[in-house]
Each structure stands twice: as structure tokens, then as C-alpha cells.
Amino acid sequence: MRIWLDGGLRDVESARVSVLDHGLTVGDGVFETVKAAHGEPFALTRHLDRLTRSARGLGLPDPDHDEVRRACAAVLTANPMALGRLRITYTGGHGPLGSDRGRHGPTLVVALGETTRRPDTTAVVTVPWTRNERGVLAGVKSTSYAENVVALARAHRLGASEALFGNTVGQLCEGTGSNVFVVLDGEIHTPPVASGCLPGITRALVVEWTGAHETDLPLDVLDRADEVFLTSTLRDVQAVHRIDDRELPGTQGPVTAKAMRVFDERAGQDLDP
Ligand SMILES: Cc1ncc(COP(=O)(O)O)c(C=O)c1O
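I will try to describe carefully the structure that is included in this document. (Residues numbered from 1 in each chain as written. Predicted model: local features only at pLDDT ≥ 70, side-chain atom pairs only at ≥ 80, totals over all residues. Heavy atoms only, no water.)

## Thoughts on empty space enclosed by the protein
With the rule as written, the count across this model stands at one cavity of 30 Å³ or more. Computed from the structure, the largest cavity encloses a volume of approximately 30 Å³. If you trace the largest cavity, you find it lined by Phe42, His47, Ile201, Thr202, Ser232, Thr233, Asp236 and Phe263. Looking at the lining of the largest cavity residue by residue, the classes come out as three nonpolar, four polar and one charged. (1 Å grid on protein atoms, 1.4 Å probe; cavity = no way out; pocket = protein on both sides within 12 Å on 5 of 7 lines; lining within 4 Å. Points joined across faces, edges and corners; volume = space filled by probe spheres on them. Nonpolar A, V, L, I, M, F, W, Y, C, P; charged D, E, K, R; others polar.)

## As for the pairing of strand β3 (residues 29-37)
When you tally the buried positions in β3, you get eight out of nine residues, the bulk of the element. Examined bridge by bridge, β3 and strand β5 (residues 83-91) share nine bridges and lie antiparallel to one another. When the bridges of β5 are listed, Glu32 appears paired with Ile88. Hairpin remark: β3 followed by strand β4 (residues 40-41), antiparallel, with two residues in the connecting loop; positive phi at His38, about 50 degrees. (Buried < 20%, exposed > 50% of the residue type's maximum accessible area, 1.4 Å probe, protein only. Helix = DSSP H or I, 4+ residues; strand = E, 2+ residues; numbered from the N terminus. Pairing = 2+ DSSP bridges.)

## Concerning the nonpolar core
In this structure, Val30, Cys72, Leu86, Ile88, Tyr90, Leu108 and Val110 are the most contacted members of the largest nonpolar core, which totals 23 residues. Sequence-distant contacts of Tyr90, defined by excluding residues within four places in its chain, comprise Gly29, Val30, Leu51, Ala55, Leu60, Pro61, Asp62, Pro63, Pro106, Thr107 and Leu108. Membership of the second largest hydrophobic core comes to 17 residues, among which are Phe42, Trp209, Phe229 and Ala267. (Core = buried A, V, L, I, M, F, W, Y, C linked by side-chain atoms within 4.5 Å. Contact = heavy atoms within 4.5 Å.)

## As for the pattern of salt bridges
The final tally for this structure, using the stated rule, is 13 salt bridges. Between Lys35 and Asp236 there is a salt bridge whose closest N-O contact spans 2.8 Å. Of this pair, Lys35 sits in strand β3 while Asp236 sits in strand β14 (residues 236-243), and the two are 201 residues apart along the sequence. Neither residue differs from the other here; Lys35 and Asp236 are each classed as buried. Between Glu208 and Arg46 there is a salt bridge, with its nearest N and O atoms 3.3 Å apart. Linking Glu208 in helix α5 (residues 201-210) with Arg46 in helix α2 (residues 44-58), this pair joins segments that are 162 residues apart in sequence. Exposure remark for Glu208: the relative accessible area of 53% places this residue in the exposed category. By relative accessible area, Arg46 is classed as partly exposed at 23%. Look at the salt bridges and you will find they share partners, linking Lys35, Arg117, Asp236 and Asp264 into a network. (Salt bridge = Lys/Arg side-chain N within 4 Å of Asp/Glu carboxyl O.)

Given below as C-alpha cells:
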């Protein structure tokens, strides 16, 4: 495996960042996960734009999109595979041990891992912890993801593939690495970005392509929604067949099935929508 670090391709076994990198010591960094099918990244422009918005959210210098594009292309060419998770990581770089940032400039890593297409349906659990919709990291795809690590481990212990968070005022928010949609009376709804969720790229495309509404939803909407689905870069649109102890009728409701179909069609027509 060849990855990109510090301006060039390196062997993953020998590539090294400083043990004092602020991304490692305090989680001072941002990232993107991009789907790559047969070496072609999907929605790369939207991912790069969000990387910049995340970097600005942390006060990091704007990433150089030309360099990141070059890095992605080089890594994809060096590691051919059917379906890849292209991971762009951009951190505060070598720095002091405390929260002050150093002056060495950011670290950019682009890596790639092989993955397989997700199942069409999955189980989720709700967790008692909250997303902070007023926090400095709200809407930022930061590398400070330990809350998601803990919540996802709990989901796996309970036989689910995703954990859903409410926010501090009891509204439905998002999953550890996905956005959530519910179907009520035939209409699709998803929490607004003001709920504290990440502005997911798949979420935005699904809103655009299906006319889904952005609606404040109480967490207990999950007890009565007719259908529920998740969206993310690697899940695309994925139906939910169980939430905690509630089995949803049918494995894949008609509205979700249509959203999955529309997403596949539109995504197939344009690799950089
Ligand atoms: C916390 C969180 N919410 C939502 C998403 C979904 O966003 P996207 O569709 O851009 O992958 C992600 C990213 O994977 C995420 O990390």
C-alpha cells in the first residue's frame, strides 16, 4: 500500500508523522472519507469544499485543493481496487504538548483502504449521549471522534451497525458516521444542520434528489416513523430494519426503496455531482 504524506507517495509501512503531531496529541485535525469505485472518487469537489469548511472551523489554513486532488489521484492509481475508502486527513501538524498550535504547518495524509458494498438493510441503536449542537465542533468533520468510537462500539455490542444520537434539546441528530432520515405519512424528513449533525454529502444529495424535508424531529420520532434510513459516503442510502427493540415492518419500505433507486441512478450518471 502506497499512501500520500508530505508531498509524495510513501510505503505505508515506513511513512511517519511526528509523535508530537497535534492531530495525535489533542485531536486537532479534520478529515474526509471519499468513496472510490474502480479508482474513481465520488463527489470529490463536495468533499474538498467540506474539508476547507472543517479546516476553517478549527482555524487551520485552507488546504490546497490542487495538492489534495493530486494526492488522491496518485494514491488511487498506486492501489487499484474495486471499492475503496479514500481517507484524507489534515491536522494541525507538529506542535506543543498542550492545546496551543505549533508553527510547523499542517500535516496532510491521503490513504486508501479496500472495502465492500454495505448490506441493503441494517440495525441501529439509540445512545444516551448527546451531540452538542452549540459546540465548536458542530458540523465540523474533525478527527476528535472518540465519542463516535465509544457509541459505535456499543452499537456493535448490541448487534447493530450504527448508533444514533439526539442533541442537547432532545431532537434527533445523526449517527456516528451517518445521517438519519425518517418517513412520516409518505414524506421524507431529516434533521436540519442546526440540530448539530454533520452536513453529510450523501444527505445533501438525497435532499436534492428526493425532495426530502429538513425538519426538527424529536428523538422519539423513531418509535413511530413508518420507515427509517441512513445515508453516508460508504452506506449510500441504507434501510434500517430495527431500532433498539423495534422491528420495522418489512425489510425495506417503499419510500426507502425508491430513495435507494434514485440515489443509485443519479450517482451513476455523474461522479462529481
Ligand atoms: C458524524 C457523521 N455524520 C454524518 C456523516 C455522513 O456524511 P457523508 O454523507 O458526507 O459521508 C459522517 C461521515 O461519514 C459523519 O462522520
